[in-house]
Amino acid sequence: SGKAVVSTQSTGNNVSKLKERLEAIQKKLPWMENLDVTVDLKVPTEEMKAIINDNFKQEMLFYKQSQIGTQQSIARLKGMGVMTQRPEDFFAEMVKSDEHMKRVKEKLISKQLTLERTEKVTKMRKMKKLGKKVQQEVLKKRTEEKKQMMESVKKIRKGKADAEEVDNFDIDTEPEASGSKKKEINRKRKAKDSKYGFGGKKKMTKKNTTESYKDVSSFSSRIHSKPKRSAKNDKRKGKPQRPGKSKRANMKNKAKSR
């Protein structure tokens, strides 16, 4: 076990010796070299007791003390003709080189671009989710409207619909008046109807009937009658027809007998 070391040196508050030592180490320099300022706020004792237990009030007291000391020092420096503000054309040498500051700037710009890109992607994702949600709501609404419309149509067909539902569909349930004018068809429609027909039966339209069979007013012998074809009245052009086999044999025999 270790033994405790007991100091034999005597201790005490020797004021005279302390003052002598202070004078020995104290440097008597001009005020410009140390800028010492002492500010006495003269805070009342009662207020000081409240400040001791309140950190915020302590900080405000220090701030006020520093502010008063700075104002006093600036006024004293101006009286001595010393400039307290840097001139506009003052250029100080930078601690870091231009190359190092260029790298720092590039790094900061890169971080800023990355942050902007990330925010843009996040915003686009949110907009995409919102767009999908809106689209789903619209589709759901359309499906419900379609279902409701089909139910209303069924009710109207069965005659069970209310007057309000009939008004919503704008259906004219009253018959059209006999004296009302029909919609006129334009000339182009009339021409196409006369050329191609306008509905109705299409098949067997050219089949003869009893009336058409007996009607011979449109018959013309000059147009509908054709003369019989013969060698005399055959006016077709081209090479003459080849004689038959027996005729060719007779013609050959006659040639040999000669």
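See the structure above.
Since the model is a prediction, treat every value here as computed from it, not as a measurement.

Criteria and thresholds
Residues numbered from 1 in each chain as written. Predicted model: local features only at pLDDT ≥ 70, side-chain atom pairs only at ≥ 80, totals over all residues. Heavy atoms only, no water. Helix = DSSP H or I, 4+ residues; strand = E, 2+ residues; numbered from the N terminus. Buried < 20%, exposed > 50% of the residue type's maximum accessible area, 1.4 Å probe, protein only. Patch = residues over 30% accessible without salt bridge, like charges linked within 9 Å, V, L, I, M, F, W, Y side chains within 5 Å. Areas by Shrake-Rupley, 256 points an atom, 1.4 Å probe, with all protein chains shown as cover. Salt bridge = Lys/Arg side-chain N within 4 Å of Asp/Glu carboxyl O. Lys, Arg positive; Asp, Glu negative; His and termini not counted. Charge placed at Lys NZ, Arg CZ, Asp CG, Glu CD. Phe/Tyr/Trp six-rings, centres within 6.5 Å; stacked < 30°, edge-to-face > 60°. Lys NZ or Arg CZ within 6 Å of the ring centre and 35° of its normal. Polar contact = N/O pair within 3.5 Å; in protein donor to acceptor, adjacent residues only side chain to side chain. Contact = heavy atoms within 4.5 Å.

Caption draft 1: Focus on the overall build of the protein. When its secondary structure is counted, the protein shows ten helices and zero strands. Ordered by position in the sequence, the α and β elements of the protein form the string α-α-α-α-α-α-α-α-α-α. The 258 residues of the protein split such that 4% are buried.

Caption draft 2: The arrangement of a positive patch on the surface in detail. A cluster of basic residues, R242, K245, R248, K252 and K256, forms a positive patch at the surface. Secondary-structure assignment places K245 in helix 10 (residues 245-257).

Caption draft 3: The packing of aromatic side chains, seen in detail. Counted by the stated rule, this structure contains zero aromatic pairs. Its guanidinium or amino end placed over the ring of W31, R76 lies 4.1 Å from that ring's centre, counting from NZ or CZ.

Caption draft 4: A look at unusual backbone geometry. Positive phi, normally seen in glycine, also occurs at L35, with a value near 50°. Mapped onto the fold, L35 is located in the loop between helix 2 (31-34) and helix 3 (45-52). Of note, the phi angle at K42 is positive, near 55°, even though the residue is not glycine. Summarising the element assignment, K42 is placed in the loop between helix 2 and helix 3. Among the residues examined, K42 registers a relative accessible area of 67% and is labelled exposed.

Caption draft 5: Structural context of the side chain of S73. Within the element layout of this structure, S73 appears in helix 4 (residues 55-79). Looking at S73, its side chain comes within polar contact range of the main-chain oxygen of G69, at 2.9 Å. Excluding residues within four positions of it along the chain, S73 makes contact with W31 and V37.

Caption draft 6: Here's a closer look at the pattern of salt bridges. Applying the stated rule across the entire model yields two salt bridges. Here E99 and R103 are joined by a salt bridge, their closest N and O atoms 3.7 Å apart. Of this pair, E99 and R103 both sit in helix 5 (residues 98-158), four residues apart, roughly one helical turn. For R103, a relative accessible area of 47% puts it in the partly exposed group. A salt bridge links R189 to D193, with the nearest nitrogen and oxygen atoms 3.2 Å apart. Taken together, the residues span about one helical turn, with R189 and D193 both in helix 7 (residues 187-196) at a distance of four residues. For R189, a relative accessible area of 40% translates into the label partly exposed. Exposure remark for D193: the relative accessible area of 17% places this residue in the buried category.

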